[in-house]
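# Summary of structural features
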Amino acid sequence: FQPKGNSCARIVFLAAKDFSPDPAFGRLISQLVNSAGERGALQVRAEVSENTPEEEILHQAGFRPYAEQQIWKLPRRIVFGTGKKAWIPVTKDSTTLAETFYQRTLPGQIQRVEPPPVSADIQGLISWKDGKVVGYAASQFGPRGILVDLLVAPEIELIDEYLSALLFHLPYRDTRDVYLRVRSYQQRLASALERVEAEPGPKQKAVVKRLTVHYNAKQTFRVQGFENQPDITTPISNSEIKN
């Protein structure tokens, strides 16, 4: 799947249900990835459960891990704290603040693979404290479930209370299951989910295959020699400049 105008594509699912790590599957994925590159994709991402044939297939196709994660299923209700924490929808006036918070909070190595969303594309909920953004929740709504990616400022201590308030303010929570994707660098969030008795899914790896490479370019420039040079200098001509 590659959204229009987006330089990143994503593997949505692998079929059939039962896999064996046959090299033919890896070659098939590689061919599909090359097709994505021809359509302008610079990288392809996927998520796969650890120690499975699917993980081996993607490895054969050149995918490499950049983060570990788990997807947790939240209970229908979380009662914690005073309930005074608030989450409000991102508006046109707060998109820049949300973008800045994303850049400040997400580790740099992850941002190199998952660039921060630009202000025009930011959707979700934000939470405030002392006049600044301390939480950002991006939600994807499906017919039967809601997937949330949550970022909380490192200085926040009562994560349980913010988590409880987020579930309360989330649209459609009464009719759909709510899932929270938690990366390995969000250990405090995982601990809070354990305390509220959320249900952990299998351990996964987020993997990526880059379709571009960086290399040192070597290019020759012709530069006209200087006239009337002193004897102590040498005119420049046909110099090789390495970028």
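## Quick look at the packing of aromatic side chains
For any pair of aromatic rings, the description rests on two quantities: the centre-to-centre distance and the angle between the ring planes. Counting across every chain of the model gives one aromatic pair. Here the basic side chain of Arg173 rests over the ring of Phe168, its NZ or CZ set 5.2 Å away from the ring centre. A cation over a ring is seen here: Arg176 above Tyr172, with NZ or CZ 4.5 Å from the ring centre.

## A look at the packing of helix H1 (residues 23-38) against helix H2 (residues 53-60)
Helix packing geometry: the angle between the two helix axes and the distance between the axes. One can describe the packing of H1 onto H2 by two numbers: an axis separation of 8 Å at closest approach and a directional angle of 55°. In terms of their interaxial angle, H1 and H2 are classed as oblique. Every pair of crossing elements has a handedness; the one defined by H1 and H2 is right-handed. For the pair H1 and H2, contact is made by Pro23, Phe25, Gly26 and Ile29 and by Ile57, Leu58 and Gln60, respectively.

## Brief notes about unusual backbone geometry
Backbone geometry places Asn51, a non-glycine residue, at a positive phi of 55°. Positionally, Asn51 belongs in the loop between strand E2 (43-49) and H2. One non-glycine residue, Glu197, lies in positive phi territory at about 65°. Tracing the chain through its elements places Glu197 in the loop between helix H6 (187-195) and strand E9 (199-200). With a relative accessible area of 69%, Glu197 lands in the exposed category.

Conventions and cut-offs
Residues numbered from 1 in each chain as written. Predicted model: local features only at pLDDT ≥ 70, side-chain atom pairs only at ≥ 80, totals over all residues. Heavy atoms only, no water. Phe/Tyr/Trp six-rings, centres within 6.5 Å; stacked < 30°, edge-to-face > 60°. Lys NZ or Arg CZ within 6 Å of the ring centre and 35° of its normal. Axes fitted to C-alpha atoms, helices over the stretch in contact; angles between N-to-C directions. Helix = DSSP H or I, 4+ residues; strand = E, 2+ residues; numbered from the N terminus. Parallel < 35°, antiparallel > 145°, perpendicular 65-115°, else oblique. Left-handed = near helix turned anticlockwise from the far one by under 90°. Contact = heavy atoms within 4.5 Å. Buried < 20%, exposed > 50% of the residue type's maximum accessible area, 1.4 Å probe, protein only.

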